[in-house]
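Structural description and commentary
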Amino acid sequence: MTPNVVTIEPTQTIESAARIMANHGISSIVVYDKGNPVGILTERDLLTRIVAVGRDPRKITVADIMTPDIVACSPDTSIEEACRTMKMNKIKKLAVIQDDILAGIVSLTDIANSQSELVDILKNANNSGTEIAEDIFELLNLSEGQCLEFKSSLRYDMNTRQVNQNLETVVLKTVCAFLNADGGTLLIGLSDDKEVIGIENDYMVLRIQNKDGFENHLMGLISNCVGNYYLRFIDTLFHNVLGKDLCQINVLSSPKPAFLTNKGKQDFYVRTGNTSRPFNISEASEYIREKWG
């Protein structure tokens, strides 16, 4: 587990919470009231319940949007039981409570990083593994297609060894194409021939050089270039495979058209087969009419 958990009071504003999370480089914060943990606030809560709906973070308190009834375990809980609890509650983090005091927090990432044998355990487990961990091995056995694409990097160019914003645009094209079609999954950190490259090089060219910084940057790109409305249809997961981090981006089909704003113009992409194809104005108009009416 991670001890010395960063906490916040329910009466504090979302603006304060966001600042604390950014300063500590974390994606969630435990809400404490009168000496007891009463909930948890995640970065996704901020994106979907504040940013995406245009609410003022200076006027909304943590209590207004936090997830109450925090799910917890004890320090002597087995890894197997912790995984089962997270799977059952569809969460990625557990508070660790000892003698009614918050002793720490444990995540799926903590478990995977600290247990080298866990990869094999999760692959073969029937009831003790997690749905998230099982998904990654299933995806690695599939080929790119209508609902799956692999990218080696978000923004780090392996050839020039520096940031290449064109790579970010390619990722955004894929996200838009999935939104406008049947949804899909994008795996970053994996080459076209399924070699595990990892996203550690991307970390090096981010302000916050970890998973949280990666997710922050990715969601910022989508917010700026596609729109806040679409954040609710996008979820990110991180996996550690062969000692390297992969980012799994799950995209749902959108109930309205998604356009990519790039260099002052808007483009429309649709996933067709294993490519994200740009549609011209007439194609886009016909497609939008047929799909959304």
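Each remark here, short or long, concerns the structure printed above.
Numbers given for residues are sequential positions, taken from 1 along each chain in its written order. Local features are withheld for residues below a pLDDT of 70 in this predicted model, meaning they are given only at 70 or higher, and side-chain atom pairs are given and counted only at 80 or more; totals for whole chains, interfaces and linings count all residues. Where side-chain values are given, they derive from all heavy atoms of the structure, hydrogens and water being excluded.

**Re the packing of helix H1 (residues 14-24) against helix H2 (residues 43-51)**
Where H1 meets H2, the closest approach of the two axes is 11 Å, and the angle between their N-to-C directions is 145°. The way H1 lies across H2 gives a crossing that is left-handed. From H1, Ile14, Ala18 and Met21 reach across to H2, where they touch Glu43, Leu46 and Ile50. Ten residue types, Ala, Val, Leu, Ile, Met, Phe, Trp, Tyr, Cys and Pro, are classed as nonpolar, four, Asp, Glu, Lys and Arg, as charged, and the remainder, Gly among them, as polar. Its residues assigned to classes, the contact of H1 with H2 comprises five nonpolar, no polar and one charged. The convention used is that axes are lines fitted to C-alpha atoms, helices contributing only their stretch in contact, and that angles between N-to-C directions extend from 0 to 180 degrees. Helix and strand assignments follow DSSP, with helices taken as H or I runs no shorter than four residues and strands as E runs no shorter than two, numbered in order from the N terminus. Here a crossing is taken to be left-handed if its near helix is turned anticlockwise relative to the far helix by less than a right angle, and right-handed if that turn runs clockwise. Any pair of residues with heavy atoms lying within 4.5 Å of one another is described as a contacting pair.

**Quick look at the pattern of salt bridges**
By convention in these notes, a salt bridge is any Lys or Arg side-chain nitrogen within 4 Å of a carboxyl oxygen on Asp or Glu. Within this structure, the stated rule accounts for seven salt bridges. Residue Asp45 is joined to Arg49 by a salt bridge in which the shortest nitrogen-to-oxygen separation is 3.7 Å. Of this pair, Asp45 and Arg49 both sit in helix H2, separated by four residues, roughly a single helical turn. Between buried and exposed lies partly exposed: a residue is buried under 20% and exposed over 50% of the maximum accessible area for its type, with that area taken using a 1.4 Å probe on protein chains only. For Asp45, a relative accessible area of 7% corresponds to the buried category. A residue is classified by how much of its surface remains accessible, and Arg49, at 33% relative accessible area, is partly exposed. We note a salt bridge from Arg58 to Asp56, for which the minimum N-O separation is 3.2 Å.

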